[in-house]
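Coordinate analysis (summary)
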Amino acid sequence: SRQGAGSIAITNAGTIPDRGLYGVFLPDGTRVGELDEEMVYETRSGEVFVLGASSWRVEDITRDRVVVSPAPGEPGKMPFWHGSKPGRPLELGRALGAFTREIAGSAREEALVRLHERGGLDDLAAENLVTYLEDQRDATGSIPDDRTVVVERFRDELGDWRVCVLSPFGARVHAPWGLAIEARLAERMEPGGQVLWSDDGIVIRLPEAETTLPLEDLIFEPDEIEASVVAALPQTALFASVFREAAARALLLPRRRPGQRTPLWQQRQRSADLLVEASKYPEFPILLETVRECVRDVFDMPALREVMADLRSRRTKLIGVDTQGPSPFAQSLVFNWIASYMYSGDVPLAERRAAALSLDRDLLRELLGNEELRDLLDPTAIDDLELELQRLVADRPARNEDDVHDLLLVLGELTREELRVRTELGASLDTWTERLVASARVVPVRVAGEERLAAVEDAARLRDGLGVALPAGLPAAFTAPSERPLDGLVERFARTHTPFLPRAAAARLGVEEQRVRSALEGLERAGRVVHGEFRPEGSEREWCDVDVLRRLRQRSLAILRKEVEPVDSPVLARFLPRWQGATGSGRHGGSLAEAISSLQGAAVPASVLESDVLPARVTGYRPAELDAMCAAGELVWVGAGAIGSTDGRVILCYRERARLLMAPPSPDRAPADPLHDVLRSHLRLAGASFWPDLLRASGVAEQQPVLQALWDLVWAGEVTNDTLAPLRVFIKGSPRVRPSARARPRPGDLRAGGPPAAAGRWSLVAPSVEPAVSPTEAAHARALQLLERHGVLTREAVLAEGTPGGFAGVYGVLKALEESGSVRRGYFVTGLGAAQFALPGAVERLRASGTDEGSDLVVLAATDPAQPFGAALPWPPTDGRPARVAGAYVVVVD
């Protein structure tokens, strides 16, 4: 049956598989072409398809050939290649993302010149590429690159929601990420979503009843993502196809008719039957090999963990955006949607999925190498221990003949130069060695083409294991045949070295590498050495003595514990602007929606909100965008207290979060004059009203008292507007009207709309925060918002924000989040309170900020939530009296 536009698969009751080499013949037997083994066709007798430069009408389809007749001039179908290919590696993805970021961040003319001169593109190609990036920015406001992942949501032609995760990180990262997302959607939605991935991103089709996909659902804990992928893997077509290939390699799917092809559909059936039986035995090798091949060869799990860690720590930004249709970047993903179901026949039945999930987890953990320590062992610990094991540290030199003999017993045979670097400066090494040789305690030998000295106790092992010629006259006790001599020499090499490769031991001992490998395998069975990935810079599996590995673990742990020591207070000042995306210039900022998500619930002086706070976070900030969000009902702004006569604090909040983050207006601070009551009553009965309606309802002849009463209600948090235009007028110092202004303008008066500070439509805040949520819900929402804004939350930061109930009001929630594993509790910043809570990704980024090199210079408004001085941190010592007031600025250098 038809698989989709542009796709052809030859089918004839299933007798023609979609793999293999098939000839195309005319009825007289003349061969006119062939179908490549990686092409997937779909056609029936009588249809026309294109092969090469000619069109052919299909007359018949047999087991081994397609019989056709020429069909010149008739439109046909082009074969469409669906062969699998390796996914883009993360390193290449980051390079492509960096290139995209640099081109998109350059001026148009500069980008064109660079593409032409350095990229080798002609003028038309360079123009097309720059235009393509500009179209993407116009569509979504952001371009995915090595530091940004864009999540785009739009409706498809059926009205269902599609979510595109646009990133350059490659299919080896996107494939397991998509599997984990699909599994999470299956748990939370009924029915689950459908997911497709490629090198350029992930496409998610939500069920008809679902309209939103929170960005948090796309991020996983780095330490848990692999378990999620392995759990979801048996349910995929990839698992079934890799199992079939692994079973075929193991000769478990033999050909019954040698020399003839077995149709792929029959291979699938037999493979599915084998999978049903194999799933009854969790230790079945082909099952484990299938999982290993998928997780290690097809997927790049270390890269995925790295991407998840970057998203958690906000080194990589996750930006959400809604569009009317797919953006230019998303169009290519949506175009390939059909490919997700091309091999849907590979998906096993539900019973097979459940059986495959019963894999032996312990054996699987051993097979996948989850005990590998490449990311855990510290390079400094490895280097330091190597020097100690080799007796190369300054405090352990040989000081006499006995020390030299002990060196040879512990380290094995050494050259005179190797002995010299391990001997105390000025020592009589030559005299000592001559005495040791004369007394037969040391013997000269030749190993690996070098003249070395060896302890006489090793004479027999060197002779029997390496074929070394020994001098005559040695005591019989030291020349008796030894048992497994090479094993002892290799074990000593392992005991005196940090993780090593077999070729290093073979070169030192002067034997074949295969003999060393055999000895190591025997030692591994005896439990004396282990095999795995240990060196952080390594690319092969190394060998290591068990005691050496234990010491490496202990030292690495000690270094890690030292790293988790609290950072100095100035590091918080470097971390907080980066965490909130407040660069001070907005050149590398995010979207307005992202900035508001971080700021919502925080009381910010209106005079700096649009002049400093938002421009520091949003590239090319435009006030019209904020007005559009308010007018559309997405955003609510509420006054939080006046500051003098021409300023006040303002809280921004998304409407759906208003009930959680904004407390109802307090009766204690509510203005109680009759004019205030009249305005309240009118807005409660009539609903949202414009200035003429308010003026008429007040019954007052002069506009100024009514305007003043209206703004009293605004700063009390009782009244808001559907635009920020009157707020901008108020903070510019012109909230008053001229005394001669008429209370009720006559027809034709150009100022019929009232004073600018009263423009727009006014309404009560109460409907946005009703019905009131429970205290627990409010505390939970405030705690999460504070963590989102600060990353590392301290008591001082909570108190500085004026959070209702203070730190005690959110402490219970923070403690519960810490107990559930969602939040970490610790002493992260010195000099602050002991009760500090942090998001997992924020801790790593905070510590990384303490080791960053270079100099950051950030200029922020003193009242910006990203500016910690005077709030979480005390002001630096100064002769002046700095304060967090509107109009003051803070310059933070490094």
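As the structure is a prediction and not an experimental result, all values here were calculated from the model. (Residues numbered from 1 in each chain as written. Predicted model: local features only at pLDDT ≥ 70, side-chain atom pairs only at ≥ 80, totals over all residues. Heavy atoms only, no water.)

Mapped onto the fold, Asp 310 is located in helix H9 (residues 301-313). With sequence-adjacent residues up to four places away left out, Asp 310 is seen in contact with Arg 94, Arg 315 and Thr 316. (Helix = DSSP H or I, 4+ residues; strand = E, 2+ residues; numbered from the N terminus. Contact = heavy atoms within 4.5 Å.)

A few words on helix H10 (residues 328-335). All of the buried residues in H10 are Pro 328, Phe 329, Ala 330 and Leu 333. Summarising the contacts, the buried residues of H10 are in contact with helix H3 (123-140), strand S9 (148-155), strand S10 (161-166), strand S11 (194-198) and strand S12 (201-205). (Buried < 20%, exposed > 50% of the residue type's maximum accessible area, 1.4 Å probe, protein only.)

Time to look at the pairing of strand S14 (residues 442-447). As paired elements, S14 and strand S15 (residues 450-455) share 6 bridges and run antiparallel to each other. Looking across to S15, one finds that Val 447 is bridged to Glu 450. Between S14 and S15, which pair antiparallel and follow one another directly, the connecting turn spans 2 residues, one of which, Ala 448, has a positive phi of 55°. (Pairing = 2+ DSSP bridges.)

The subject of this paragraph is the nonpolar core. Core analysis: the biggest nonpolar cluster contains 48 residues, and Trp 177 and Ile 204 have the highest contact counts within it. Broken down by element, this core gets its largest block of residues, 7 residues, from helix H4 (residues 171-188). Once you skip the residues sitting within four places of it in the chain, Ile 204 turns out to touch Trp 161, Arg 162, Val 163, Val 165, Ile 181, Leu 185, Gln 194, Val 195, Leu 213 and Leu 218. Core analysis: the next-biggest nonpolar cluster, separate from the first, contains 45 residues, Val 613, Leu 675, Trp 691 and Ala 709 among them. (Core = buried A, V, L, I, M, F, W, Y, C linked by side-chain atoms within 4.5 Å.)

Keep in mind that most residues, glycine aside, have a negative phi and that most peptide bonds are trans. The omega angle of the peptide bond from Glu 770 to Pro 771 is -5°, so this bond is cis rather than trans. Looking at where Pro 771 falls in the secondary structure, it is placed in the loop between strand S22 (762-764) and helix H31 (775-790). A positive phi angle is found at Leu 251, which is not glycine, with a value near 60°. With respect to the helices and strands, the residue Leu 251 is situated in the loop between helix H6 (237-249) and helix H7 (264-278). Taking the relative accessible area as the measure of exposure, Leu 251 reaches 67% and is therefore exposed. Although it is not a glycine, Ala 440 sits at a positive phi angle of roughly 65°. With respect to the helices and strands, the residue Ala 440 is situated in the loop between helix H16 (429-438) and S14.

The next point concerns the packing of helix H22 (residues 569-580) against helix H34 (residues 840-849). At their nearest, the axes of H22 and H34 sit 9 Å apart, and the two run at 125° to each other. The angle between H22 and H34 falls in the class oblique. As for the relative orientation of H22 and H34, their crossing is right-handed in sense. Between H22 and H34, the residues in contact are Val 571, Leu 572, Arg 574, Phe 575, Arg 578 and Trp 579 and Gly 841, Ala 842, Arg 845, Leu 846 and Ser 849, respectively. Partitioning the contact of H22 with H34 into residue classes produces 6 nonpolar, 2 polar and 3 charged. (Axes fitted to C-alpha atoms, helices over the stretch in contact; angles between N-to-C directions. Parallel < 35°, antiparallel > 145°, perpendicular 65-115°, else oblique. Left-handed = near helix turned anticlockwise from the far one by under 90°. Nonpolar A, V, L, I, M, F, W, Y, C, P; charged D, E, K, R; others polar.)

One open sheet holds the 5 strands; their spatial order is S11-S12-S10-S9-S13, and the pairing between them is mixed. The sheet terminates laterally at S11 and strand S13 (317-322), the two strands that pair on one side only. The sheet shows a mean angle of 15° between the axes of neighbouring strands, taken without regard to direction. Strand direction decides the pairing type here: S11 and S12, joined by 5 bridges, are antiparallel.

This paragraph deals with helix H14 (residues 401-411). Those residues of H14 lying buried are Glu 401, Val 404, His 405, Leu 407, Leu 408 and Leu 411. An end-on view of H14 places all buried positions within 150° of arc, on one side of the element. On its buried side, H14 packs onto helix H13 (379-389), helix H15 (416-420), H16, S14, S15 and helix H18 (485-495). N-cap assignment for H14: the residue whose side-chain oxygen lies 3.1 Å from the backbone N of Asp 402 is Asn 400. (Arc of directions from axis to C-beta. Polar contact = N/O pair within 3.5 Å; in protein donor to acceptor, adjacent residues only side chain to side chain.)

Throughout the structure, instances matching the rule amount to 10 aromatic pairs. Ring centres of Tyr 132 and Phe 329 lie 5.0 Å apart, and the angle between their planes is 20°; on these two criteria the pair is classed as stacked. Of the two residues, Tyr 132 sits in helix H3 while Phe 329 sits in helix H10, which places them 197 residues apart along the sequence. Judged by its relative accessible area of 34%, Tyr 132 is partly exposed. (Phe/Tyr/Trp six-rings, centres within 6.5 Å; stacked < 30°, edge-to-face > 60°.)

Before going further, it helps to spend a moment on the side chain of Thr 863. Within the secondary structure, Thr 863 is located in the loop between strand S26 (857-861) and strand S27 (889-893). When residues no more than four places from it in sequence are discounted, the contact partners of Thr 863 are Pro 605, Val 608, Arg 884, Val 885 and Ala 886.

In space, the 3 strands of this open sheet follow the order S23-S25-S24, with antiparallel pairing throughout. On the outer flanks of this sheet lie strand S23 (792-793) and strand S24 (824-826), each paired with one strand and no other. The pairing of S24 with strand S25 (residues 836-838) spans 3 bridges and is antiparallel. Paired with Arg 824 across the two strands is Ala 838, which belongs to S25.

Next up on the list: a nonpolar patch on the surface. A surface patch of nonpolar side chains, about 490 Å² in accessible area, is lined by Leu 857, Val 859, Tyr 889, Val 891 and Val 893. Listed by contribution, the elements that provide at least two residues to the nonpolar patch are S26 and S27. Broken down by element, the residue count for the nonpolar patch peaks at 3 residues, all from S27. You can see Tyr 889 is positioned in strand S27. (Patch = residues over 30% accessible without salt bridge, like charges linked within 9 Å, V, L, I, M, F, W, Y side chains within 5 Å. Areas by Shrake-Rupley, 256 points an atom, 1.4 Å probe, with all protein chains shown as cover. Salt bridge = Lys/Arg side-chain N within 4 Å of Asp/Glu carboxyl O.)

This part covers the pattern of salt bridges. Enumeration according to the criterion identifies 47 salt bridges in this entry. Glu 102 is paired through a salt bridge with Arg 114; the nearest N and O atoms lie 2.8 Å apart. Of the two residues, Glu 102 is situated in helix H1 (residues 90-104) and Arg 114 in helix H2 (residues 108-117); the sequence distance between them amounts to 12 residues. Using a relative accessible area of 22% as the deciding quantity, one classes Arg 114 as partly exposed.

In this model, the chain carries a mean pLDDT of 81, and residues with pLDDT of at least 70 account for 84%. Across residues 1-21, confidence stays below pLDDT 50; counting only partners more than four residues off in sequence or on other chains, it has 70 contacts. Across residues 339-366, where pLDDT falls below 50, the model places 56 contacts with residues more than four positions away in sequence or in other chains. (pLDDT = per-residue confidence, 0-100.)

With respect to the secondary-structure elements, Ala 278 resides in helix H7. The buried category is assigned to Ala 278, whose relative accessible area is 3%. Not counting the four nearest positions on each side in its chain, Ala 278 is found in contact with Phe 243, Phe 284 and Leu 287.

As judged from the 4 bridges shared by strand S5 (residues 48-51) and strand S6 (residues 54-61), these two strands associate in the antiparallel manner. Bridge pairing in S6 links Val 50 to Ser 55. Sheet topology note: the S6/strand S7 (residues 65-70) ladder contains 5 bridges and is antiparallel. Residue pairing in the sheet places Asp 60 in a bridge with Val 67 of S7.

With that out of the way, let us pick up the packing of helix H27 (residues 674-686) against helix H29 (residues 703-715). Two numbers describe how H27 lies on H29: the axes approach to 9 Å, and their chain directions differ by 70°. Taken together, the axis directions place H27 and H29 in an arrangement best described as roughly perpendicular. For the pair H27 and H29, the contacting residues are Leu 675, His 676, Leu 679 and Arg 680 in the first and Pro 705, Val 706, Ala 709, Leu 710, Asp 712 and Leu 713 in the second. Here the contact of H27 with H29 is built from residues that sort into 7 nonpolar, 1 polar and 2 charged.

Tracing the chain through its elements places Ser 774 in the loop between S22 and H31. For Ser 774, a relative accessible area of 30% corresponds to the partly exposed category. Residues Ser 774 and Arg 659, spaced 115 residues apart in sequence, show a C-alpha to C-alpha distance of 10.0 Å.

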